[in-house]
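Below, each chain spelled out in residue letters.
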Amino acid sequence: MPGRRSAGAALAALALAGGLLTASMSPASAGPGARGQGFEVSADSYTWKNVRIDGGGFVPGIVFNPSEKDLVYARTDIGGAYRWDEAGKRWIPLLDSVGWDDWGHTGVASLATDPVDPDNVYVAVGNYTNDWDPDNGAVMRSSDRGVTWKKAELPFKLGGNMPGRGMGERLAVDPNDNHVLYLGAPSGHGLWRSTDSGATWSEVESFPNPGTYVPDPDSDNSYLTDRVGVVWVTFDERTGSAGSRTRTVYAGVADKEESVYRSTDGGATWEAVPGQPTGYLPHKGVLDTDSGHLYIATSDTGGPYDGEKGQVWRYDTGSGEWRDVSPVPEADTYFGYSGLTVDRQDPGTVMVTGYSSWWPDTQIFRSTDSGETWTGAWEYDGYPNRSDRFTMDVSSVPWLTFGGSPSPPETAPKLGWMTESLEIDPFDSDRMMYGTGATVYGTEELTAWDRDETFTVKPVVEGLEETAVGDLISPPSGAPLLSGMLDIGGFRHTDLDRVPELMYRSPFMEAVSGLDYAEKDPNTVVRVGSSETGQHIAFSTDNGTNWFAGSSLPSGVTGGGTVAAAADASGFVWSPEGAGVHHTTGYGSSWSASQGVPAGARVEADRVDAGTFYGFSGGTFYVSGDGGATFTASGATGLPADGDVRFKAVPGKEGHIWLAGGSGDTYGLWRSTDGGESFTRVEGVDEADTIGFGKAAPDAPYPALYSSAKIGGVRGIYRSDDAGASWVRINDDAHQWGWTGADITGDPRVYGRVYVATNGRGILYGDSAGTTDPDDPDGPGTARCAVAYEVTNQWQGGFQADVTVRNTGTTALDGWKAVWSFPDGQQVDQMWNASFTQSGATVTASSVDWNARLEPGASASFGFTGSWSGANGVPDAFEVDGAACATG
């Protein structure tokens, strides 16, 4: 797998199997289809949404544009970047177009929004600076607020998921001459500059210090031995004028001896600022231009998990005086400082976080006198009791309590942890947002703090989905989906569009690696994973609503591995980390070692024969006919011996198995119909990494197949309705989500619905325009056509929308035209997957060659960007070929 988020998982050696085609970075057609080896590939139109979890990962950066109200961005360590939609009170993902080849570019090391032209936004991308990520980093630039991107490759790697990722921002735009940008680099590469709005970059050779700090120079793990580097750039905008470079620029360097540097000649020469403090690393550097104070928040480590000491310093840029303005005396700290911000509406108001205060809670400090005095968000009121200035309202994301009921001074939910990003809205002193290791919190009552009144903190995270997903199951009854994921374990999803109440508990496993259900008894579910409590397996007899831990473990178990449930729930086979394959006929009360199968083998169950289990390891397929007690190597040959391999047995088809994965020439998709005794490679599938099954197409005898694969030379998410004879690409270049190789499954109750696991963008689910949900079997009505119109991105003066046209009649549409009128005078600027004309408010979108013919039940999707002023209402009526259409 590629990058992970949690501290323990981040230290594991992670690898991505296979490299594929470079993805387009702009909305684009899925293409008219492709052919490979006499093998047909076509395209289908899908609508994609997140299964709602809301958050779930670390948000190391929040950036407000200083010149336009309500323009806010967030960056995540492995899950891309987002823009805040004030009207919808939600975040809009901006990097879903990052493809398989560039999976590391879903890690955002820094983000900058242009203070001169707010349409411009920049992200510095790359996941790891060691060999876990095979590619160099890049700076991506957008002139339409993240709707489309251009990329400038860098000659070094960036570390969006490396130590020090909460420091920053490394990327900054000159507030006087926005053609000039700076980027602080890791790994000893120093400071870099662009003078053409991010199109090209060169090293600032005069910059004297690339940084010396290494998290653990004695470690054998390359994740901990790289230099953190140059970590932030701050401009003194008073020293420039519109159109000319800012003269005075400050830069922070991960060096405990000389950490703050300054240029007074527009970046030509640099020197260490005299008299600066030593002994700590500068996590943040923020300049209050009204007072001329440069504030520095420091810690003894790079974070974001660790940090036991720190200080806050104030530098008077006029007099050159340094002053220690730490909220807590150095001797009394047990945390480092970060999350530094100043109130642009109220000079002298500054806030900072004790980001690494895990217990009993994070701490946030506030000063209204330039750091002379401070108050905390909470304080002790006769230990262990606390007096909080705030109340927490997590009703919109109830799982943030983690099901806890801790004793004082701990609370549930917590104010946070890993709080390296905190920002006061530059236009509104009452509004603040801050990121944690699990969500984004905010308040719109911040100045109540100064009146000694209680203010409310709520999640501000809808639309920002940042879980790393390891396994998915969709049983034929009960909840439509159960998930296993890193950091927060996973959920039983009873409603895909609502946030679950709580993650799995009793026991809680922070990293669930495997899930299975009994095919003939879907109420029986098993999950396995890693847990600090040492509980690595749990069972449920009510479809995952309630759980109980296995009462025993095989000797030596250290992690979850994979697990399989017998079709009739009579037993389980478990291949855990740290121990060999084992089997049980109960719910884990005792385990017996399985014979004939190697430790670490991946295990699955036949979905029909309760006594049959399968295993795979190192190119050999294994079969057990006695409930997992003994396995025998099958006679199958030609299977991949290297690379990640995943396989599954087909529901309702005894002995039918599909296997995906591999590397090099032995990388693809294989099928067995004789219980694994032999496999046939599926022709035309160049590479495949996952396989899943869903409800069969109408009148089809075989379940629908789904795979994250490369077919006909194109990487994508594919569906086959005819047992692999032909395939339909169901995503497009605007919806790729980086690495999608962990798991995929169709829905056995809804034809066309598919669930895709991502590494940092949560769970995506897709529906074809022809999907029929059993909860709405009659569809939208009796019209011959249906049109779905959705605004997917919106910013000041501009927007992006997706439109799907579906033929609900009984005869084919050939060369269709869709017509609507905008209610508020919007104008279309560009359109993809269709051509258009506009006359006044009326738009006509016409098919292109490859999607011109729509058979009954088929659909086509197209998208466009446009402009609006005053309002951006949705059209309420559509026609296709002159006939009125149903909507929705």
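Conventions used here
- Residues numbered from 1 in each chain as written.
- Predicted model: local features only at pLDDT ≥ 70, side-chain atom pairs only at ≥ 80, totals over all residues.
- Heavy atoms only, no water.
- Helix = DSSP H or I, 4+ residues; strand = E, 2+ residues; numbered from the N terminus.
- Rg over C-alpha atoms; globule rule 2.2 N^0.38 Å.
- Buried < 20%, exposed > 50% of the residue type's maximum accessible area, 1.4 Å probe, protein only.
- Contact = heavy atoms within 4.5 Å.
- Areas by Shrake-Rupley, 256 points an atom, 1.4 Å probe, with all protein chains shown as cover.
- Lys, Arg positive; Asp, Glu negative; His and termini not counted.
- Charge placed at Lys NZ, Arg CZ, Asp CG, Glu CD.
- Salt bridge = Lys/Arg side-chain N within 4 Å of Asp/Glu carboxyl O.
- Pairing = 2+ DSSP bridges.
- Polar contact = N/O pair within 3.5 Å; in protein donor to acceptor, adjacent residues only side chain to side chain.
- Core = buried A, V, L, I, M, F, W, Y, C linked by side-chain atoms within 4.5 Å.
- Phe/Tyr/Trp six-rings, centres within 6.5 Å; stacked < 30°, edge-to-face > 60°.
- Axes fitted to C-alpha atoms, helices over the stretch in contact; angles between N-to-C directions.
- Patch = residues over 30% accessible without salt bridge, like charges linked within 9 Å, V, L, I, M, F, W, Y side chains within 5 Å.

1. Section: the overall build of the protein
A tally of regular secondary structure across the protein gives 1 helix and 73 strands. Relative to its length of 888 residues, the protein is compact, with a C-alpha radius of gyration of 28 Å against a globular reference of 29 Å. The principal-axis extent of the C-alpha atoms belonging to the protein is close to 80 × 75 × 50 Å. Counting every position in the protein, which comprises 888 residues, the buried fraction comes to 62%. Looking at the protein alone, contacts between residues at least 24 apart form 56% of all its contacts between residues at least 6 apart. Of the roughly 29900 Å² of accessible surface on the protein, 45% is carried by carbon and sulfur atoms. The protein carries 60 positive and 118 negative side-chain charges, and their two centres are separated by 2 Å.

2. Focus on the environment of S506
Mapped onto the elements, S506 comes out in the loop between β37 (492–493) and β38 (511–518). Sequence separation of S506 and A43 is 463 residues, and the distance between their C-alpha atoms is 44 Å. When near neighbours in sequence (up to four residues on either side) are disregarded, S506 contacts R527, W547, F548 and A549.

3. What to know about the pattern of salt bridges
A full pass over the atoms with the stated rule returns 34 salt bridges. The residue E855 makes a salt bridge to R853 at a minimum N-O spacing of 2.7 Å. Residues joined in a network through salt bridges with shared partners are D70, E86, K89, D425 and R431.

4. A word on the pairing of strand β50 (residues 645–649)
Across the 5 residues of β50, 5 count as buried, placing the element largely inside the fold. Side-chain alternation along β50 places V645, F647 and A649 on one buried face and R646 and K648 on a second face that is also buried. Examined bridge by bridge, β50 and strand β51 (residues 657–663) share 5 bridges and lie antiparallel to one another. Across the sheet, the residue bridging to R646 is A660, located in β51.

5. What about the sheet that holds strand β24 (residues 338–342)?
Taking strand neighbours across the sheet as the criterion, the 4 strands line up as β24-β25-β26-β27 in an open arrangement whose pairing is antiparallel. The open sheet has two edge strands with one neighbour each: β24 and β27 (375–376). Across 2 bridges, strand β26 (residues 363–367) lies against β27 in antiparallel orientation. Considered in β27, the bridge of F365 is made with G376.

6. Structural notes on the environment of Y223
Looking at the element boundaries, Y223 is found in the loop between β15 (202–203) and β16 (230–235). Taking C-alpha positions, Y223 is 18 Å from T76, a pair spaced 147 residues apart along the chain. Engagement of the side chain of Y223 in a polar contact is seen with the backbone oxygen of N161, the distance being 2.8 Å.

7. Looking at the nonpolar core
Counting 64 residues, the largest nonpolar core has W399, M433 and I763 as the members making the most contacts within it. Top element by residues in this core is strand β32 (residues 432–435). It accounts for 3 residues. V787, Y789, F822 and L854 belong to the second-largest nonpolar core, a separate cluster that totals 25 residues.

8. A closer look at the packing of aromatic side chains
With the rule as written, the count across this model stands at 49 aromatic pairs. Plain terms: the ring middles of W399 and F402 are 5.9 Å apart, the flat faces sit at 70 degrees to each other, and that makes the pair edge-to-face. Side by side, W399 and F402 carry an identical accessibility label, which is buried. Residues Y434 and Y441 carry aromatic rings whose centres are separated by 5.7 Å and whose planes lie at 45 degrees to one another, so their mutual orientation is tilted. Each member of the pair, Y434 as well as Y441, is classed as buried. Aromatic ring contacts, followed pair by pair, group Y789, F799, W816, W820, F822, F862, F864 and F878 into a single cluster.

9. Some remarks on the sheet that holds strand β60 (residues 754–757)
Pairing is antiparallel in the open sheet, where 4 strands are placed in the order β3-β61-β60-β59. Strands with a single pairing partner mark the edges of an open sheet, and in this sheet they are β3 (46–50) and β59 (744–746). Across the sheet, the mean angle from the axis of one strand to that of its neighbour is 20 degrees, orientation sign disregarded. Sheet analysis places β60 next to strand β61 (residues 763–768), joined by 4 bridges and oriented antiparallel. The residue bridging V754 from the neighbouring strand is G766, located in β61.

10. Considerations on the environment of I488
Its location among the elements puts I488 in the loop between β36 (481–485) and β37. Along the sequence, I488 and Y46 sit 442 residues apart, while their C-alpha atoms lie 29 Å from each other. Non-local contacts of I488, meaning those with residues more than four positions away in its chain, are made with I53, G56, W399, F402, T467, M503, F508, M509 and E510.

11. Focus on a nonpolar patch on the surface
A cluster of nonpolar residues, W358, W359, Y380 and Y383, forms a patch on the protein surface that exposes about 470 Å² of accessible area. Checked against the element boundaries, W359 lands in the loop between β25 (350–354) and β26. Owing to a relative accessible area of 44%, W359 belongs among the partly exposed residues under this scheme.

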